[in-house]
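Coordinate inspection notes
Okay, here's what each chain looks like letter by letter:
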Amino acid sequence: MEVVHKEMAAAADGKDLWLMGGGELVGQFADQGLLDEIIVSIAPVTLGAGAPLLPRRLELKTEEVAHNGEFACVRYSVVR
């Protein structure tokens, strides 16, 4: 995972990296200590049940809550 992260960082040339693809992918980066923050967009749909956001237990600190159109967006920093 660290090799992939280094390649991604080199390709981004100093810009932020975004991971899209689900909790397991993000969890693999978290396992290696490669996450700085998580931004969650919450759609206005009520679910009776569902899967956890991340299949890992991370300590997160809420940094910002905002809205973007019909979505609520929460930015968390990953506490190390």
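Summarised in this report is the structure supplied together with it.

**Overview of helix α2 (residues 23–31)**
- Burial in α2 covers these residues: G23, V26, G27, F29 and A30. Down the axis of α2, the buried side of the element spans an arc of 160°, and every buried residue falls inside it.
- In this fold, the buried residues of α2 make contact with α1 (2–12).
- G33 lies just past α2 and shows a positive phi near 70°.

**Description of the nonpolar core**
- V26, F29, A30, L35, I38, V40, L54 and V78 together form the largest nonpolar core, which totals eight residues.
- Mapped by element, the contributors of at least two residues to this core are α2 and β1 (37–42).
- The element that contributes the greatest number of residues to this core is α2, accounting for three residues.
- Excluding residues within four positions of it along the chain, I38 makes contact with L54, L58, L60, V74, R75, Y76 and V78.

**Notes on the sheet that holds strand β2 (residues 60–68)**
- The antiparallel open sheet is built from three strands, whose spatial order is β1-β3-β2. What marks the edges here is a single partner per strand, and that holds for β1 and β2. Between one strand axis and the next, the sheet turns through 20° on average, direction left out of account.

**Points about the pattern of salt bridges**
- A complete count under the given rule lists five salt bridges for this structure.
- Note that R56 and E24 form a salt bridge whose closest N and O atoms lie 3.1 Å from each other. On the criterion of sequence distance, the pair formed by R56 in the loop between β1 and β2 and E24 in helix α2 is long-range, its members being 32 residues apart.
- Owing to a relative accessible area of 23%, R56 belongs among the partly exposed residues under this scheme.
- Note that E64 is salt-bridged to R75, the shortest N-O span being 3.3 Å. Note that E64 is positioned in strand β2 and R75 in strand β3 (residues 71–78), a separation of eleven residues in sequence.

Rules used in this analysis
Residues numbered from 1 in each chain as written. Predicted model: local features only at pLDDT ≥ 70, side-chain atom pairs only at ≥ 80, totals over all residues. Heavy atoms only, no water. Buried < 20%, exposed > 50% of the residue type's maximum accessible area, 1.4 Å probe, protein only. Helix = DSSP H or I, 4+ residues; strand = E, 2+ residues; numbered from the N terminus. Arc of directions from axis to C-beta. Contact = heavy atoms within 4.5 Å. Core = buried A, V, L, I, M, F, W, Y, C linked by side-chain atoms within 4.5 Å. Pairing = 2+ DSSP bridges. Axes fitted to C-alpha atoms, helices over the stretch in contact; angles between N-to-C directions. Salt bridge = Lys/Arg side-chain N within 4 Å of Asp/Glu carboxyl O.

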